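# Report on the structure
Residue strings, one per chain:
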Amino acid sequence: MDEKKHLGQKELNERVKHARLCTGCGACVNLCPYQRAYEDKVLAIFPCDLDVGRCYAFCPRTPVDLEALRGLLFDPQDLTPEVGAVKGFYVTRSRNTKERSRAQHGGTVTALMSLALKEGIIDTAVMADRGGTFLPEAVTENDSRKVAMHGKSSFVVSPNVAEFNRLAKGSSEKIGAVATPCQALAYAKMRMKPIPERDNNIDKLKLVVGLFCGWALSWERLMDLLAAKTELAAITGLDIPPSRYQAMHIYTTNGTIEVPIDEVNRCIRGACHYCFDMTAEFSDISVGSARLSEGWEEARGWNQVIVRTDLGLELVELARKKRRLEFREVPEGNLQRLKAASLNKKGMALKNLKLRTHSQDDLIYLNKEDPAFKNLIKGG
Amino acid sequence: MSNLLDTNEGAHYLYMGNDAIVRGALEGGVSVAAGYPGTPSSEIIEQLARISDRRSLYVEWATNEKIATEIAAAASFAGLRSICTMKQNGVHVASDFLLHLTGTGVRGGMVVVVCEDPGALSSQNEADARYFAKMLEVPLLEPGDFQEAKDMMKWALELSEELKTFVIFRSVTRMSHASGNVVIGELPENEPRAYFQYKGPLLDFLTGPMVTGPGVVAYARTVQQGRLKRAVSLFEQSRFNIYAGPERPELLIITSSACYLYSKEAIHTLNLGDRVGLLKLGTTWPLPEGLVRKHLAAAQKVLVVEEPQDFMEENIKILAADAAGEVGVKTFYGKKSGHVPTSGELNPDIIMNTLKGILGIQYEPVPQEYATKAFQSMFKSPGRELTFCPGCPHRASFLSLHNALALDNRDGFVCGDVGCYGIGVLPAGFSTVKTNFSMGSGLGLATGFGKLTKFGMNQPVVAVCGDSTFFHAVMPALVDAVHHQSDVTLVVLDNSGTAMTGFQPHPGLAVDAMGETAPSIDIEAVCRAIGADVASSDPFDVERTEKTLLGMLKKKGAKVVILRQICALSPEKRGKKKYQMSVREDVCIGENCGCNRMCTRILRCPGIYWDTARKVSRIDEVICAGCGVCASVCPSGAIQKAEVA
Ligand SMILES: Cc1cc2nc3c(=O)[nH]c(=O)nc-3n(C[C@H](O)[C@H](O)[C@H](O)COP(=O)(O)OP(=O)(O)OC[C@H]3O[C@@H](n4cnc5c(N)ncnc54)[C@H](O)[C@@H]3O)c2cc1C
Ligand code: SF4
Ligand code: SF4
């Protein structure tokens, strides 16, 4: 596969959309009038005949030299093959209980974005609201006090990068984004400026806070599943505790409903089966749920945090200093367990890609020589 | 001022065919005229409406052709003379009523004026309405020139009143829309009183109730057939059937209508006056049998020239077979033999070719060199693509429809209808329209599609119709859709007028054909009353329209979206720009990634063009209508709109 060559919308459609690899990240949207996001789908509403397009170049599911990206964004010393760059690994939560009550886990993401806005590191934050019908909506926020209103995870993909593309054309100068791993990869590809004469004002992107992500769900299938379990109006939140719990939790006004993980698996967005990244490796800071010996009830109020860049480290330390984040000791072996889970996702992605191509060598958008995959490939 | 009301008997005027028809109707004492717009018939009602204040006339644009015939029949029942007008396919709409009207006959003279469009220059069909005359058993008259158009129209009203049956008067585009010299006749000073007599006995259609029903059909048909027999005897003497040529021609041409003009010209150009005889019939059903027999007997070869179908040819062949003993066996040329094209419009060149073939003449109608040049230039001249006018609200409506269906992503489609919006099938309408049939059938079909969910069909179905079409034939389909809970979205493209045929008012407007204020029927209220879920939007607000459509596509049941914006060509808007448009060259991204010519490659309004030299889009000041839609699709904000004070 020729990784240097950039192609256009036609190839994007053939190789990503029609191949059902589209993550719905929104990176190809709001660059032009032809690529549009609707519900949790991204669609080409009119054909474009350009040979070289940003849509193709930015898409996280078109081939790219990941090593070059890592070289651009991270200190080589920090790189690990399992979870990408690690400058620091923490267990944290917001010190603000109100913030926590509105957050998915410990509210670390909320606290960090709020702080970044307050300190002027960014002037606009791109996040996702869950929306009344579990269809997330990309939102922008300029007010540090209001960040908490956009807390909690939406397990359906939100075309957040499209919102960045839109914002970057406007008056915002310093943009911070909360991103799933595919979105973080799209931002990283943009930062490479693959089409130098026409970038998308990517220099306005100042901060990427990544979310750990096992997979996202297809909106239609999720709605069917939820509707079968309870009144939609009664649902206050959803969560997927670490894999050993083997269940999705639906929090409702009448208590928690546990849905066996097999039922949830049937709702996974197809494209996620081909995703290699669990920890949002191309972010400044990545945040996920915590594992604690006290069990899930305690752990769900905390986050595990990987700091990857100098900027990330600065922000986390500022949060410590300004008493925005509370830190607790990282339990023994937590990073190892995270690495194992991450490797597991990589392995599954590679296996599924090989099943798709019926070839050991063709990994569609990935390169089998990449240090993150080399060992896994050898392993089978 | 129009000279249609001139009382200067004997004066010569240059009349368009439809004006000649109007003058003929006036000379024939018409009191009531109703029609439904349709090219090439529309000017007749328009002209009558224009002069309705200076003459005792009632003129209306009816909701559809069937109602137009009913309006005319009511006048006739009340003793007045009346006409109703329509284009060829309109007769199909009206035919149910007309069929029943032959059961009672009429009282005051009533003429159904049908203007046909052979070659379908502005139609979706090439229907030949002459067959109705035979099917319905009523007389059919066809003028062969402009003078005849006037004279024959007057006579048609008299004939109808005399025979007590309505008469079909048929014109064609080249007759209705061309102009010729007409000597005008007397304009009667009539002030007839309308009164409907019904006190007489049943089955006395002159004084009794006008009703037909089981048990009386055979009687009624016998009466009607008797009227036709009388028509034949009148037609034998008619001055509208004329013959020119030698006593025993080598070839006899039998023709009618505009084909008479073509044949005459062909004979003249080929200088065949002493070899070819030309029998022009004005009364084409029932045939003047004696007259036709006489001419058949005089020639061995017979060519029938007519358009679009072989109506006369068949009838003449039947007549010839019946009279074979008397007239001998003939060799017929025409559509059956392949000497005359079986579709499309005819012209003198075609007839010349036909004559050359039959008579073995060498003649090049057009010098070869010229023909070659003309042929070549056809390919050189930039062919104008069929598209919506600049500023047309339909362009914006179809863009939103396209986008909504594309985003909805379930292979949705649009059932089109008859009107400008038929262009929706082409790239100019973003190729959204996938079916297009007769008036009102867009929603009828869509309603049918919308019931196929039980067979696994989940493609969203949209029907579009114009405001005039809504009243014409869509309302019954909407009742069907609501009552049967079909999953369908009707989009009413409300441009406040019957735009395609020239802005005739319709029931949705607060004015009638005669220019008087009339209560307007609110489409939105009608749809709500029928029980549909209704929303409306301004199609120029592209974002909101798309959102509204997307929302409706998701909903179950029958929904209506009214997209309201006045037609760019309407008298209120014409020449008045809302915005002064301009393109900022420094901002236009043009062919680059990020735009790739959205305005000139996709939207394709004729008011904006691609400057290939400078590689930017530009506004064509002369063509641009100033609607501002291109500015709302431009991704870079290069297209600027400034409100015109
Ligand atoms: C699809 C998905 C799958 C996930 N899978 C895992 C997993 O397997 N393991 C794990 O440890 N953690 C997973 N997470 C992350 C986890 O749910 C929490 O978001 C994370 O722990 C941060 O918690 P918090 O309390 O700091 O979040 P909060 O303070 O509540 O902040 C969450 C932030 O994320 C934004 N957001 C919500 N949904 C989305 C979305 N779909 N796309 C982009 N931004 C969004 C919100 O606007 C908010 O700013 C997943 C998250 C998502 C969205
Ligand atoms: S304009 Fe650029 S981003 Fe848009 S479809 Fe074409 S190549 Fe892709
Ligand atoms: S993965 Fe993202 S960039 Fe690629 S096609 Fe899908 S939405 Fe567009």
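Residues numbered from 1 in each chain as written. Chains lettered and ligands numbered in written order. Predicted model: local features only at pLDDT ≥ 70, side-chain atom pairs only at ≥ 80, totals over all residues. Heavy atoms only, no water.

## Looking at the overall build of chain A
To keep it simple, the criterion reads: Helix and strand assignments come from DSSP, with helices taken as H or I runs of at least 4 residues and strands as E runs of at least 2, each series counted from the N terminus. Values of the radius of gyration come from C-alpha atoms, whereas the globule rule sets the reference at 2.2 Å times the count of residues to the power 0.38. Pairs of residues are marked as contacts when any of their non-hydrogen atoms sit within 4.5 Å. With residues, only the protein chains shown are counted as cover, and all accessible areas are computed by Shrake-Rupley using a 1.4 Å probe. In this charge count, Lys and Arg are treated as positive and Asp and Glu as negative; neither His nor the chain ends contribute. In this description, the location of a charge corresponds to atom NZ of lysine, CZ of arginine, CG of aspartate or CD of glutamate.
Tallying secondary structure elements over chain A gives 13 helices and 15 strands in all. The C-alpha atoms of chain A give a radius of gyration of 20 Å, which matches the 21 Å a tight globule of 380 residues would have. For chain A, the spread of C-alpha atoms along the principal axes amounts to about 50 × 45 × 40 Å. Across chain A, contacts joining residues at least 24 apart in sequence account for 71% of those joining residues at least 6 apart. Within the structure as shown, chain A displays about 15900 Å² of accessible surface, and the carbon and sulfur contribution to it stands at 49%. Each charge sign in chain A was given a centre, from 55 positive and 48 negative side chains, and these centres are 2 Å apart.

## Notes on the site of ligand 3
Stated precisely, the cut-off is as follows: For this purpose, a residue is taken to be near a molecule or strand whenever a single non-hydrogen atom of the residue falls within 4 Å of it. When residue character is reported, Ala, Val, Leu, Ile, Met, Phe, Trp, Tyr, Cys and Pro are called nonpolar, Asp, Glu, Lys and Arg charged, and the others, Gly included, polar.
Lining the immediate environment of ligand 3, one finds V16, K17, C22, T23, G24, C25, G26, A27, C28, V42, C59 and P60 of chain A. Tallied by class, residues from the shell around ligand 3 come to 8 nonpolar, 3 polar and 1 charged.

## A few points about the pairing of strand β11 (residues 247-252) of chain A
Residues and elements named next belong to chain A. Worth spelling out the cut-off: Think of it in three bands: residues with accessible area under 20% of the maximum for their type are buried, residues over 50% are exposed, and the middle band is partly exposed, with areas taken using a 1.4 Å probe on protein chains only. Think of it this way: DSSP has to see at least two bridges between two strands before they count as a pair.
Buried residues dominate β11, accounting for 6 of its 6 residues. In β11, alternate side chains face the same way, and those of A247, H249 and Y251 on one face and M248, I250 and T252 on the other are all buried. The sheet contact formed by strand β10 (residues 235-239) and β11 spans 4 bridges and is antiparallel. When the sheet's bridge partners are listed, L238 is paired in β11 with I250. Bridging between β11 and strand β12 (residues 255-260) involves 6 bridges; their strand directions are antiparallel. Opposite I250, over in β12, you have I257 as the bridge partner. If you look at the hairpin formed by β11 and β12, you'll find 2 residues sitting between the two strands.

## Regarding the nonpolar core
Soluble globular proteins tend to pack their nonpolar side chains together in the buried interior. All names here are of chain B. Rule in force here: Note on terminology: a nonpolar core comprises buried Ala, Val, Leu, Ile, Met, Phe, Trp, Tyr and Cys residues joined through side-chain atoms within 4.5 Å. Annotation comment: domain bounds sourced from an automatic or database domain assignment.
The biggest cluster of nonpolar side chains holds 69 residues, and the ones touching the most others in it are I83 and L355. A per-element tally of this core places helix α6 (residues 146-163) first, with 9 residues. For this core, the domains that each give at least three residues are domain 1 (3-236) and domain 2 (242-359). Ignoring sequence-local partners within four residues, the contact set of I83 consists of A25, V30, V32, A33, A34, I44, L48, A72, V111, V113, M153 and L157. Counting residues in each nonpolar core, the second largest holds 57 residues, with A535, L550, L563 and Y579 among its members.

## Comments concerning the sheet that holds strand β2 (residues 32-35) of chain B
Residue and element names in this part refer to chain B. For clarity, the cut-off: Orientation is described by axes fitted as lines to C-alpha atoms, over the contacting stretch for helices, and by angles from 0 to 180 degrees between their N-to-C directions.
Taken together, the 7 strands give an open sheet; going across it, the order is β3-β2-β4-β5-β7-β6-β12, and neighbouring strands pair in mixed fashion. In this open sheet, the two edge strands, each paired with only one partner strand, are β3 (58-61) and β12 (283-285). Pairing geometry for strand β5 (residues 110-116) and strand β7 (residues 167-172), over 6 bridges, is parallel. Bridge pairing links C115 to S171 in β7. Sheet contacts for α6: β4 (82-87), β5, β6 (140-141), β7 and β12; angle to β7, the most-contacted strand, approximately 165 degrees.

## Here we look at the environment of K576 of chain B
Residues and elements named next belong to chain B. Structurally, K576 is set in the loop between β20 (558-564) and β21 (579-583). Between the alpha carbons of K576 and V644 there is a distance of 9.0 Å; along the sequence they are 68 residues apart. Non-local contacts of K576, meaning those with residues more than four positions away in its chain, are made with P571 and A625.

## Quick notes on the pattern of salt bridges
All names here are of chain B. Put simply, the rule is: Salt bridge, as applied in this entry: a Lys or Arg side-chain nitrogen positioned within 4 Å of an Asp or Glu carboxyl oxygen.
According to the stated counting rule, one finds 59 salt bridges over all chains in the structure shown. Here K615 makes a salt bridge to E591, at a shortest N to O gap of 3.2 Å. In this pair, K615 is assigned in the loop between β22 (608-611) and β23 (616-619) and E591 in the loop between β21 and α20 (598-603), connecting sequence segments 24 residues apart. A network of salt bridges, in which partner residues are shared, links E116, D128, R130, E142, R170 and E306.

## Some points on the domain arrangement of chain B
Interface size, as often reported, equals the accessible area lost upon joining of the parts. Structurally, chain B comprises domain 1 (3-236), domain 2 (242-359), domain 3 (393-564) and domain 4 (579-643). Centre-to-centre separation of domain 2 of chain B and domain 4 of chain B, based on C-alpha positions: 57 Å.

## Observations concerning the interface of chain B and chain A
To keep things clear, this is the line we draw: A 1.4 Å probe defines the accessible area here, and the buried area is the portion of it lost by two parts on being joined, summed over both. Any pair of N or O atoms that falls within 3.5 Å is considered a polar contact. Within protein, one atom must be able to donate a hydrogen and the other to accept it, and sequence-neighbouring residues count only if both atoms are side-chain atoms.
Listed as interface residues are 24 residues of chain B and, on the opposing side, 20 residues of chain A. Interface area for chain B against chain A, summed over the two sides, is near 1800 Å², with a carbon-plus-sulfur share of 61%. Across the pair R36 of chain A and E546 of chain B runs a salt bridge whose closest N-O atoms are separated by 2.2 Å. Here chain B is connected to chain A by 10 residue pairs in polar contact (both at pLDDT 80 or more). Taken together, the residues of the side of chain B that touches chain A break down into 12 nonpolar, 6 polar and 6 charged.

## Things to note about the packing of aromatic side chains
The criterion, for reference: Working definition: rings of Phe, Tyr and Trp (its six-membered ring) pair if their centres are within 6.5 Å, and the pair is stacked with planes under 30 degrees apart, edge-to-face with planes over 60 apart, and tilted otherwise. Sitting over a ring, as applied to charges here, requires NZ of Lys or CZ of Arg to be within 6 Å of the ring centre and within 35 degrees of the ring normal.
On inspection of all chains with the given rule, the structure shows 16 aromatic pairs over all chains. Seen from their ring centres, F276 of chain A and Y365 of chain A are 6.3 Å apart, and the 45 degrees between their planes marks the pair as tilted. Taken together, the residues F276 of chain A in the loop between α9 (261-265) and β13 (285-289) and Y365 of chain A in the loop between α12 (334-357) and α13 (371-378) connect sequence positions 89 residues apart. The two residues F276 of chain A and Y365 of chain A agree in class, both being buried. Ring plane angle 15 degrees and centroid distance 5.8 Å describe the contact between F388 of chain B and F398 of chain B, whose orientation is recorded as stacked. Residue F388 of chain B is located in the loop between α14 (368-380) and α15 (393-408), and its partner F398 of chain B is located in helix α15; the two are separated by 10 residues in the primary sequence. The pair F388 of chain B / F398 of chain B is uniform in exposure class, with both members buried. The ring of F327 of chain A is capped by R320 of chain A, whose NZ or CZ atom sits 3.9 Å from the centre of that ring. Note that R356 of chain A overlies the ring of Y274 of chain A, its terminal NZ or CZ placed 5.0 Å from the centroid.

## Section: the packing of helix α6 (residues 160-168) of chain A against helix α7 (residues 181-191) of chain A
Residues and elements named next belong to chain A. Two elements in contact, α6 and α7, have axes whose closest approach is 9 Å; the angle formed by their N-to-C orientations is 35 degrees. Taken together, the residues of α7 that come into contact with α6 (itself represented by N160, V161, F164 and N165) are Q183, Y187 and M190. Each residue belonging to the contact of α6 with α7 can be placed in one class, and the counts come to 4 nonpolar, 3 polar and no charged.

## Focus on the site of ligand 1
All names here are of chain A. Around ligand 1 sit 30 residues in total, of which H105, T110, H150, K152 and S153 are the nearest. At a separation of 2.9 Å, a nitrogen atom of ligand 1 approaches a polar backbone atom of S154. Separating an oxygen atom of ligand 1 from a backbone N or O atom of S289 is a distance of 2.8 Å. In the complex, 94% of the free accessible area of ligand 1, which totals 910 Å², lies under the protein chains. The set of elements that each furnish at least two residues to the shell around ligand 1 consists of α5 (108-118), β6 (124-129) and β13.

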